[in-house]
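Chain and residue survey
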Amino acid sequence: MSVIRTIEELEAHYGQPKAPSLVKVADHITPQYRAWIEASPFCALATTGPEGLDCSPRGDRGAVVTVLDPKTLALPDRRGNNRIDSLRNIVRNPETSLMFLVPGSDTVIRVNGQAEISVDEALKTRFSVDGKAPRSIIVLHVREVYFQCARAVMRAGLWNPPADIAHLPTPGDILAAQTNGDVGGRAYDEAWPDRAQKTMW
């Protein structure tokens, strides 16, 4: 197996990027990029820590992230499983990346920067939904923003009619397999939709 081990070998193999790939990068949220971010109800949050990398899905009713100013984004930390993997990483290493998707579009927006976790009461209250404030707010200080190549979403057919997933193991199946049946199973799957609706915020 041939393996590339240096930047020089990598660049020689791929060649140089064309101008649009470089000039699309901004060091702040421009009006054009803001429009896309505010249209996105979903993003992936990428962080890194001593244990390695983490990528966490984040979604919300309406915009998943709020633009506080051209250099600052706010991402409410809504209810989840309390593993707090992403938050643990941010506390130890602020380097963070967000990847935004807009349903129906092949355009993907990436924002890189440094994050911090705010528990400011006024800021948390600003992001309350149905009277429930998030436990914290991830505040991202923007270093760069750009749109990704659309080919990946196009190749995946991400917005095409849903594929048949009936043959895939459910979360209950996975839990049962991991615990020799002590946790999960059909009861978990049947209870989940109602539990999720009651604990969404």
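1. Here's the deal with the overall build of the chain
If you tally the helices and strands in the chain, you get eight helices and seven strands. For the chain, buried positions account for 31% of its 201 residues. In the chain, 63% of the contacts between residues at least 6 apart in sequence involve partners at least 24 apart. Carbon together with sulfur atoms contributes 56% to the accessible area of the chain, which is approximately 13200 Å² in total. Treating the 23 positive side-chain charges of the chain as one cloud and the 24 negative ones as another, the clouds have centres 2 Å apart.

2. A few points about unusual backbone geometry
Residues other than glycine seldom take positive phi values, yet Asn82 does so here, at roughly 65°. For Asn82, the position within the fold is in the loop between strand S4 (72–77) and helix H4 (85–92).

3. Thoughts on the sheet that holds S4
Here seven strands make up an open sheet; going across it, the order is S2-S1-S5-S6-S7-S4-S3 and the pairing antiparallel. A single partner strand is all that each edge strand has here, and the edge strands are strand S2 (52–59) and strand S3 (66–69). Strand-to-strand, the axes of this sheet are offset by a mean angle of 35°, without reference to chain direction. The pairing of strand S6 (residues 108–118) with strand S7 (residues 136–147) spans 10 bridges and is classified as antiparallel. Across the sheet, the residue bridging to Gln114 is His141, located in S7. In the packing of helix H3 (residues 31–38) onto the sheet, contacts are made with S3, strand S5 (95–101), S6 and S7, and the angle to S6 comes to roughly 80°.

4. Some thoughts on the pattern of salt bridges
As enumerated under the stated definition, the model contains nine salt bridges in all. Between Arg34 and Glu38 there is a salt bridge, with the nearest N and O atoms lying 2.7 Å from each other. Of this pair, Arg34 and Glu38 both sit in helix H3, separated by four residues, roughly a single helical turn. When the shortest N-O distance is used, the salt bridge between Arg78 and Asp60 registers 2.9 Å. Remark: Asp60 occurs in the loop between S2 and S3 and Arg78 occurs in the loop between S4 and H4; sequence separation between them is 18 residues. With respect to class, Arg78 is no different from Asp60; both count as buried.

5. Side note on the environment of Thr30
With respect to the helices, strands and loops of the structure, Thr30 is situated in the loop between helix H2 (19–23) and H3. It is 19 Å that separates the C-alpha atoms of Thr30 and Ala19, two residues lying 11 residues apart in sequence.

6. Here's the deal with the nonpolar core
Ranked by size, the top nonpolar core spans 23 residues in total, and within it Ile29, Ile37, Val65, Leu73, Leu98, Phe100 and Val111 carry the most contacts. When residues of this core are traced back to their parent elements, those giving at least two are H3, strand S1 (42–49), S4, H4, S5, S6 and S7. By residue number, the principal contributor to this core is S7, which donates five residues. Ignoring any residue separated from it by four or fewer positions in sequence, one finds Leu98 in contact with Cys43, Ala44, Leu45, Val65, Leu73, Leu75, Ile109, Arg110, Val111 and Leu140.

7. Let's talk about a nonpolar patch on the surface
A grouping of Ile4, Ile7, Leu10 and Tyr14 is seen on the molecular surface, where their side chains present a nonpolar patch of about 420 Å² in accessible area. Inspection of the secondary structure assignment puts Ile4 in the segment before helix H1 (7–14).

8. A look at the pairing of S6
In this structure, S5 lies alongside S6, joined through seven bridges in antiparallel fashion. Note that in S6 the partner of Ser97 across the bridge is Asn112.

Calculation notes
Residues numbered from 1 in each chain as written. Predicted model: local features only at pLDDT ≥ 70, side-chain atom pairs only at ≥ 80, totals over all residues. Heavy atoms only, no water. Helix = DSSP H or I, 4+ residues; strand = E, 2+ residues; numbered from the N terminus. Buried < 20%, exposed > 50% of the residue type's maximum accessible area, 1.4 Å probe, protein only. Contact = heavy atoms within 4.5 Å. Areas by Shrake-Rupley, 256 points an atom, 1.4 Å probe, with all protein chains shown as cover. Lys, Arg positive; Asp, Glu negative; His and termini not counted. Charge placed at Lys NZ, Arg CZ, Asp CG, Glu CD. Pairing = 2+ DSSP bridges. Axes fitted to C-alpha atoms, helices over the stretch in contact; angles between N-to-C directions. Salt bridge = Lys/Arg side-chain N within 4 Å of Asp/Glu carboxyl O. Core = buried A, V, L, I, M, F, W, Y, C linked by side-chain atoms within 4.5 Å. Patch = residues over 30% accessible without salt bridge, like charges linked within 9 Å, V, L, I, M, F, W, Y side chains within 5 Å.

Geometric descriptors of this kind do not, in isolation, establish any biological role.
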